[in-house]
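# Report on the structure
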There are 4 protein chains.
Amino acid sequence: MKTVKIGIIGAGRIGKVHAENISKFVPELEIKTIADPYMNDETREFLERLRIPNIGKDPEVILNDPEIKAVVVCSPTDLHAEYAIKVAQAGKDVFVEKPIDYRIERVHEVIDAAKKAGVRLQVGFNRRFDHNHRAVYEAVRAGTIGDVHLVKISSRDPAPPSIDYVKVSGGIFYDMMVHDFDMARFLAGSEVTEVYASGAVLIDPAIGEAGDVDTAVVTLKFANGAMGVIDNSRQAVYGYDQRVEVFGSKGAVMDANDTPNNCTFYGADGTVSGACYKIMWDRYTGAFAAEQKAFADAILNDKPTQVTGEDGLYPILIAAAATKSMKEGRPVKLSEIE
Amino acid sequence: MKTVKIGIIGAGRIGKVHAENISKFVPELEIKTIADPYMNDETREFLERLRIPNIGKDPEVILNDPEIKAVVVCSPTDLHAEYAIKVAQAGKDVFVEKPIDYRIERVHEVIDAAKKAGVRLQVGFNRRFDHNHRAVYEAVRAGTIGDVHLVKISSRDPAPPSIDYVKVSGGIFYDMMVHDFDMARFLAGSEVTEVYASGAVLIDPAIGEAGDVDTAVVTLKFANGAMGVIDNSRQAVYGYDQRVEVFGSKGAVMDANDTPNNCTFYGADGTVSGACYKIMWDRYTGAFAAEQKAFADAILNDKPTQVTGEDGLYPILIAAAATKSMKEGRPVKLSEIE
Amino acid sequence: MKTVKIGIIGAGRIGKVHAENISKFVPELEIKTIADPYMNDETREFLERLRIPNIGKDPEVILNDPEIKAVVVCSPTDLHAEYAIKVAQAGKDVFVEKPIDYRIERVHEVIDAAKKAGVRLQVGFNRRFDHNHRAVYEAVRAGTIGDVHLVKISSRDPAPPSIDYVKVSGGIFYDMMVHDFDMARFLAGSEVTEVYASGAVLIDPAIGEAGDVDTAVVTLKFANGAMGVIDNSRQAVYGYDQRVEVFGSKGAVMDANDTPNNCTFYGADGTVSGACYKIMWDRYTGAFAAEQKAFADAILNDKPTQVTGEDGLYPILIAAAATKSMKEGRPVKLSEIE
Amino acid sequence: MKTVKIGIIGAGRIGKVHAENISKFVPELEIKTIADPYMNDETREFLERLRIPNIGKDPEVILNDPEIKAVVVCSPTDLHAEYAIKVAQAGKDVFVEKPIDYRIERVHEVIDAAKKAGVRLQVGFNRRFDHNHRAVYEAVRAGTIGDVHLVKISSRDPAPPSIDYVKVSGGIFYDMMVHDFDMARFLAGSEVTEVYASGAVLIDPAIGEAGDVDTAVVTLKFANGAMGVIDNSRQAVYGYDQRVEVFGSKGAVMDANDTPNNCTFYGADGTVSGACYKIMWDRYTGAFAAEQKAFADAILNDKPTQVTGEDGLYPILIAAAATKSMKEGRPVKLSEIE
């Protein structure tokens, strides 16, 4: 088995998720070093159990290590672009968590840096690797449903984030629906050309006071003529509700939520089956390993990555258009954004 | 549209069900006369609303009416054979409710009478005409699952009958599982050769005191080598539970219970969908019309009936074998019965 | 049982459907007379089998019959309003097929005529009476999902109508989505205040040449703050696809398509279950009887109808707003319409 | 986190499965040594990637290592008992793969050895730890369905083993249904008292020539009065079909097969969803980790194991009774066996 040595920058929640998944499920990626300026004892212990040989605080160690050929950037969002550019400039392949940056020009800088350095760039849109969504995607790409006419996505979180987080999140379109914008492009196989966004504050007035909405419906038009519609809610009391449907000239393909088990109870008051997963990490557990598997495959077999820099850029453009659309109460063309 | 004039003997529960279904859904069968010695005002009013022209108390009127070409026998069970024979002797086609009789020799007499008179005989095993079971049957007959290896039937009632009824019912194998014996033969496409029956009193000790069981599992062997298993319960608190499955060399086909609607509620405590129907007439509503449609088709297009006298006989033989098996604690061959 | 004598004006497709359903399932409504200027022999024969005593060509016979207390108007669409007004003026309760009229002022005239005459007016939005949609509605009204946040409707036809029909249909919003506008209001329990409509020609260019679209997505805002989204397609090759979902503060409730049976085949290539119904009359068969049952209930028990004149008006207003929105490429407030 | 050092004897298929699952998912069990007399380079490499420090050929190294407190016995079946006894005699907790032995007296020797040595003994009935079956079990134990009346198990393999294997397998009851005998006891919460077994050769005549059947149906009676029924097939072309159902006084609980994804395709010819898993390791992947988690929990928290020596014994007794029943064509009481 071919392997490659990698580093991980950032050991917060998502950094640990990637470290664990790579250690357990992606033997092709050998984690040599993980660095986080805020590394603490608990995290260090967790990483030691994964048998990562070098656990430190200084990302420069990774950037300067010629043995390390690729780096997974899991820093805070506002440092994604900075580290991604540094990694690229060091001549290493880059996996950067999404969003690359909320500022469109910064995203371009990352894409340009990777191109200039001739390194691979993969963006962490993990849902593309979810077993259900991927199966829908593959059916669509295989022509099972013919030409795509409509992409429908329901994406609802179990509970809203803290108001403090909402205030700095960039708004529901950047923070939450950005995943669905990526999924919509991925499933449609075409670029979004126009966006109409509509939102409401139905869950918590404090979200509205923070300048955001908690419920949103967005209509999309794609270059290939297809349409899309996405609904988001910050609070589905029954759990993490993630369903996609693609309708076309030869049929429709859709997925259902995973549940912890497939049991059904037939009782006097009705038939009861399991609720959705309540936690994102449970819902998308396999997707995190699969996206790193794909990253390893790109590196080791000299292929383009499956989620490119442009794939990181477009959802941000769509989020910008959606934000403008909701603010101005009118459909916004993507061409108005850049 | 070709039509034929018919009579109905018996206007109890099942007689009214047939009268209503034929009136509404089987225009090929024109009900000229219905007769029941216990005809009362309420029933008469119900039948008048169906616009049946002759409503009376004397079955002889039907037997002696040369215009009437076929008769639906819905008398009490102990008179089924007597009326069926009289109808046959009058040269009219016979539809007789199941069971023809619990006594094997009486069943033979009915079959013989019909043969001798050269009239058609159809037995009221309505479940063969249920849309779900019929679709399973058709898939099996179409070869979808290849050779049949196993027939599985779950058949559970919402609530036990009265103890008075249990005492005269002939026991669970004659009264309840007889339907499933018919279904097993129907699905397997082969005759039962051996039966092992096992039962228990788990719902109401009074059923045991009445000499019966309320829960039973029966294993069948078929002439074509396939096996079968049936479970019965007198009380499924969630409703009328009726599922069949046929497994074979190329796959399996099974049905699910119908529910009053296809709604699902996603709630914090789980996903809830509708319970089964609670009442037999709701569950099998379409089957009663469909079996009369089939009777009309046989008469008007000169075909054999789909549920013959032999189809009425075999389930009684199997019930006899099951009763003997449970009593003697051993498998019983059908050849031991007659 | 209390009954009332009624007349039916129009014996085309929907007239025959109502005549048959009322005859079979709504004994409270006694059809005395049905009249259609184009009555032909085949239709007459069909109606005779239903035992309707008076079958003729002149609707005036119905209007002038003092015994007839209510009339079901099934004329061509452009005569709905005219007959509805005449029926009202004759002092009879009115059931009028949808749409009352495409012209808003005509709808008002019908509503006003009924009010002035003090008669009941019910509009034929049959889907409100479908067992699945009704169960969703009842769950929502019972508070099962708490406050309504989002109403989602997918509504797709098996095949597009003829181009000749498309040309005179008024467009997809008046002809097809008008049902969904009614359903959206019904489920949301609130009035639509704003509409954004987006459409495309993806199925047949001839539909575009006729000035219409064949695929449409509409976003709605309701007075209570909730949002809605409807998608329509003129051609779902898998059949009549009709699903609704209501999401709220305590969960979500949704329905699934009915299928002719509940069988599942487990085969080497996957698990196959039945397709949706391919024909509208099969899909909504029970709904036609149920809406007449409700009409009878309103008449005989002196209640308001369940689908009022206003319920006939609002979907037309929404269709007007949607048409304007798609034409002008912007969200349109309902207040702009009247 | 408390941890304990363990050894693994045997590095064949199941030995590698346990080594991998423990390494990745059960950090409480630290694999110090794995030994297999037939250790080859490929296996060694696989185990090295799991970072197991000592990989060798001699099980005695494990038996003699005082640091090792527990041993997982994954030897060939005919050595299970021998190694289990040696491990117990060395004062170490034992996890032994099923079946402990086909000979009842040898099973007793293992149980006695563990008792005498005062060590824990867990038997590898992994299906008890499957997420679906476990959820059914927990619902039953929680009283959700009230008193247990009936346990139904369908258990079908994707393809028969080689005829060479069939010849030495001990027959379908020992080799395949033994899992279901365990599951039946587990779900019923009661001991089997009587068995009636029926079998047929429907898949491959060579299986019959080897003295075995390939299709079997077994009826069980439990001490608590409940009944059970199990069906086995050596070949379900659609995959690994594993479903259980428990019916009782307050309802029924059942599980469904897992599938690789939850996608559904609506096509013109029907609705298609994913097939069952085709491979046992995929179907029960989580169960292998979960049973080792439970073993760790028993050791570290000083609890009895969840699958005791007696749990290893009873399925063998039932298999013996079933074999006898099929041979003699009569129900066999468990009391006849020992």
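Residues numbered from 1 in each chain as written. Chains lettered and ligands numbered in written order. Predicted model: local features only at pLDDT ≥ 70, side-chain atom pairs only at ≥ 80, totals over all residues. Heavy atoms only, no water.

### Some words on the overall build of chain A
Secondary structure assignment for chain A yields 13 helices and 15 strands. Computed over its C-alpha atoms, the radius of gyration of chain A comes to 20 Å, within 12% of the 20 Å expected for a compact globule of 338 residues. The dimensions of chain A, computed from C-alpha atoms along their principal axes, are 55 × 55 × 45 Å. The buried share among the 338 residues of chain A stands at 61%. In chain A, 72% of the contacts between residues at least 6 apart in sequence involve partners at least 24 apart. Surface accessibility of chain A: about 12300 Å² in total, with carbon and sulfur atoms responsible for 50%. Separation of charge centres in chain A, based on 39 positive and 49 negative side chains, amounts to 3 Å. (Helix = DSSP H or I, 4+ residues; strand = E, 2+ residues; numbered from the N terminus. Rg over C-alpha atoms; globule rule 2.2 N^0.38 Å. Buried < 20%, exposed > 50% of the residue type's maximum accessible area, 1.4 Å probe, protein only. Contact = heavy atoms within 4.5 Å. Areas by Shrake-Rupley, 256 points an atom, 1.4 Å probe, with all protein chains shown as cover. Lys, Arg positive; Asp, Glu negative; His and termini not counted. Charge placed at Lys NZ, Arg CZ, Asp CG, Glu CD.)

### Regarding the interface of chain A and chain C
Taken together, the contact pairs 38 residues of chain A with 38 residues of chain C. Of all residues in chain A, the largest losses of buried area upon contact with chain C belong to A:Tyr196, A:Met227 and A:Phe247, amounting jointly to 19% of the total for that side. For the interface between chain A and chain C, the tally reads 6 salt bridges. A salt bridge links C:Asp231 to A:Lys152; the shortest N-O distance between them is 3.1 Å. At the boundary of chain A with chain C, the tally comes to 11 residue pairs in polar contact (both at pLDDT 80 or more). Elements supplying a minimum of two residues to the side of chain A that touches chain C: β7 (148–156), β8 (192–200), β9 (215–222), β10 (227–233), β11 (241–248) and β12 (251–255) of chain A. (Buried area = accessible area lost by both parts, 1.4 Å probe. Salt bridge = Lys/Arg side-chain N within 4 Å of Asp/Glu carboxyl O. Polar contact = N/O pair within 3.5 Å; in protein donor to acceptor, adjacent residues only side chain to side chain.)

### A few points about the environment of A:Ala268
Looking at the secondary structure, you find A:Ala268 in the loop between β13 (263–267) and β14 (270–273). Residue contacts for A:Ala268: discarding those within four places in its chain leaves B:Val237, B:Tyr238 and B:Lys278.

### Concerning the relation of the copies chain C and chain D
Under the fitted operation, chain C is carried onto chain D by 0.0 Å of movement along the axis and a turn of 180°, and the coordinates agree to an RMSD of 0.0 Å. In short, the pair behaves as if placed about a two-fold rotation axis. Using C-alpha coordinates, one finds that chain C approaches the rotation axis most closely at C:Val272, a distance of 2.2 Å. Taken together, the interface assignments show that 100% of the residues at the interface of chain C recur at the interface of chain D, consistent with an identical surface on both copies. (Least-squares fit on C-alpha atoms with pLDDT ≥ 70 in both.)

### What to know about helix α6 (residues 131–141) of chain D
A turn of α-helix holds 3.6 residues, and therefore any two residues three or four places apart point the same way. Taken residue by residue, α6(D) has D:Asn132, D:His133, D:Arg134, D:Ala135, D:Val136, D:Ala139 and D:Val140 as its buried positions. Turning to α6(D), the residues buried within the fold contact β13 of chain A together with β7 (148–156), α9 (177–188), β11 (241–248), β12 (251–255) and α11 (280–283) of chain D. Capping the start of α6(D), D:Asp130 holds a side-chain oxygen 3.2 Å from the backbone nitrogen of D:Asn132, two or three residues further along. Positioned one or two residues after α6(D), D:Gly143 has a phi angle of 85°, which is positive.

### Observations regarding the sheet that holds strand β2 (residues 29–35) of chain A
All names here are of chain A. As summarised here, the arrangement of the 6 strands in space is β3-β2-β1-β4-β5-β6, forming an open sheet in which the pairing is parallel. The sheet is open, and its two edges are formed by β3 (54–56) and β6 (121–123), each paired on a single side. Geometrically, the sheet is characterised by an average inter-axis angle of 20° between neighbouring strands, direction not taken into account. Across 4 bridges, strand β1 (residues 4–9) lies against strand β4 (residues 70–73) in parallel orientation. Each residue of the ladder has a partner; that of Gly7, found in β4, is Val71. Sheet strands in contact with helix α4 (residues 80–89) are β1, β4 and β5 (93–96), and its direction is about 165° off that of β5. In the packing of helix α12 (residues 285–300) onto the sheet, the strands contacted are β1, β2, β4, β5 and β6, and the crossing angle to β5 comes to about 165°. (Pairing = 2+ DSSP bridges. Axes fitted to C-alpha atoms, helices over the stretch in contact; angles between N-to-C directions.)

### A closer look at the pattern of salt bridges
All names here are of chain A. Applying the stated criterion across every chain, the model contains 133 salt bridges over all chains. When the shortest N-O distance is used, the salt bridge between Asp182 and Arg128 registers 2.8 Å. With Asp182 in helix α9 (residues 177–188) and Arg128 in the loop between β6 and α6 (131–141), the pair connects residues that are 54 residues apart, well separated along the chain. Residue classification places Arg128 among the buried positions, given a relative accessible area of 5%.

### Quick look at the packing of helix α9 (residues 177–188) of chain B against helix α13 (residues 309–328) of chain B
Geometrically, a packed helix pair is captured by the angle between its two axes and the distance between the axes. Residue and element names in this part refer to chain B. Taken N-terminus to C-terminus, the directions of α9 and α13 make an angle of 120°; their axes are 9 Å apart at the nearest point. As α9 packs across α13, the resulting crossing turns out to be right-handed. Across the interface between the two elements, Val178, Phe181, Asp182 and Arg185 of α9 pack against Glu310, Asp311, Tyr314, Pro315, Ile316, Ile318, Ala319 and Ala322 of α13. Within the contact of α9 with α13, the residues separate by chemical class into 8 nonpolar, no polar and 4 charged. (Left-handed = near helix turned anticlockwise from the far one by under 90°. Nonpolar A, V, L, I, M, F, W, Y, C, P; charged D, E, K, R; others polar.)

### Notes on the relation of the copies chain A and chain C
The two copies are related by a screw operation: chain A maps onto chain C through 180° of rotation and 0.0 Å of translation along the axis, at an RMSD of 0.0 Å. Take the interface residues of chain A: 100% of them recur as interface residues in chain C, which is what a same-surface contact looks like.

### Concerning the packing of aromatic side chains
Considering all chains together, one arrives at 32 aromatic pairs over all chains under this definition. In textbook terms, an aromatic cluster arises when at least three aromatic residues are bridged by ring pairs, as seen for A:Tyr238, B:Tyr266 and C:Phe247. The ring of B:Phe247 carries D:Arg156 above its face, with NZ or CZ at 4.4 Å from the centroid. Just above the ring of D:Tyr284 sits the side chain of D:Arg283; from NZ or CZ to the centre is 4.6 Å. (Phe/Tyr/Trp six-rings, centres within 6.5 Å; stacked < 30°, edge-to-face > 60°. Lys NZ or Arg CZ within 6 Å of the ring centre and 35° of its normal.)

### Quick notes on the interface of chain C and chain D
Reports of interface size often rely on the accessible area that becomes lost once the parts have come together. Taken together, the contact pairs 16 residues of chain C with 16 residues of chain D. When chain C packs against chain D, close to 1100 Å² is buried across both sides, 57% of that on carbon and sulfur atoms. On the chain C side of the contact with chain D, C:Tyr238, C:Tyr266 and C:Thr271 bury the most area, a combined 44% of that side's loss. The interface formed by chain C and chain D includes 4 residue pairs in polar contact (both at pLDDT 80 or more). Only β11 (241–248), β13 (263–267) and β14 (270–273) of chain C provide two or more residues apiece to the side of chain C that touches chain D. Here the element with the most residues in the side of chain C that touches chain D is β14(C); it accounts for 4 residues. Of the residues that constitute the side of chain C that touches chain D, the class distribution is 7 nonpolar, 6 polar and 3 charged.

### Quick look at α13(B)
Here α13(B) contains 20 residues, and its C-alpha end-to-end distance of 29 Å stays within 8% of the 28 Å for a straight helix at 1.5 Å per residue. At the C-terminal side of α13(B), B:Gly329 shows a positive phi close to 65°. (Expected span 1.5 Å × (residues − 1).)

### A short note on the confidence of the model for chain A
Interpretation of this model should avoid reading the predicted coordinates in detail wherever pLDDT is low. Counting all residues, the mean pLDDT for chain A is 96, and 100% of those residues have values of 70 or more. Listed scores for the predicted complex are pTM 0.96 and ipTM 0.95. (pLDDT = per-residue confidence, 0-100.)

### Considerations on unusual backbone geometry
Cis geometry marks the peptide bond from C:Lys98 to C:Pro99; its omega dihedral reads -10°. By the element assignment, C:Pro99 lies in the loop between β5 (93–96) and α5 (104–117). In this model, A:Arg51 sits at a positive phi of 65°, which is unusual for a non-glycine residue. Judged by relative accessible area, A:Arg51 falls into the partly exposed class, the value being 42%.

### Observations regarding the environment of A:Val192
All names here are of chain A. Mapped onto the elements of the fold, Val192 is located in strand β8. In the structure, Val192 is positioned 141 residues away from Lys333 in sequence and 8.7 Å away in space, judged by C-alpha atoms. When neighbours within four sequence positions are excluded, Val192 is seen to be in contact with Arg185, Leu220, Lys221, Phe222, Ile318 and Leu334.

### Some remarks on the sheet that holds strand β3 (residues 54–56) of chain B
Residue and element names in this part refer to chain B. Strand order in the open sheet formed by 6 strands is β3-β2-β1-β4-β5-β6, and the pairing between neighbours is parallel. Among the strands making up the open sheet, the edge pair consists of β3 and β6 (121–123). Adjacent strand axes in the sheet meet at a mean angle of 20°, parallel and antiparallel pairs treated alike. As paired strands, strand β1 (residues 4–9) and strand β2 (residues 29–35) are joined by 6 bridges and run parallel to one another. Opposite Val4, over in β2, you have Leu29 as the bridge partner. With respect to the sheet, helix α1 (residues 13–25) is in contact with β1, β2, β4 (70–73) and β5 (93–96), its orientation differing from that of β2 by roughly 155°.

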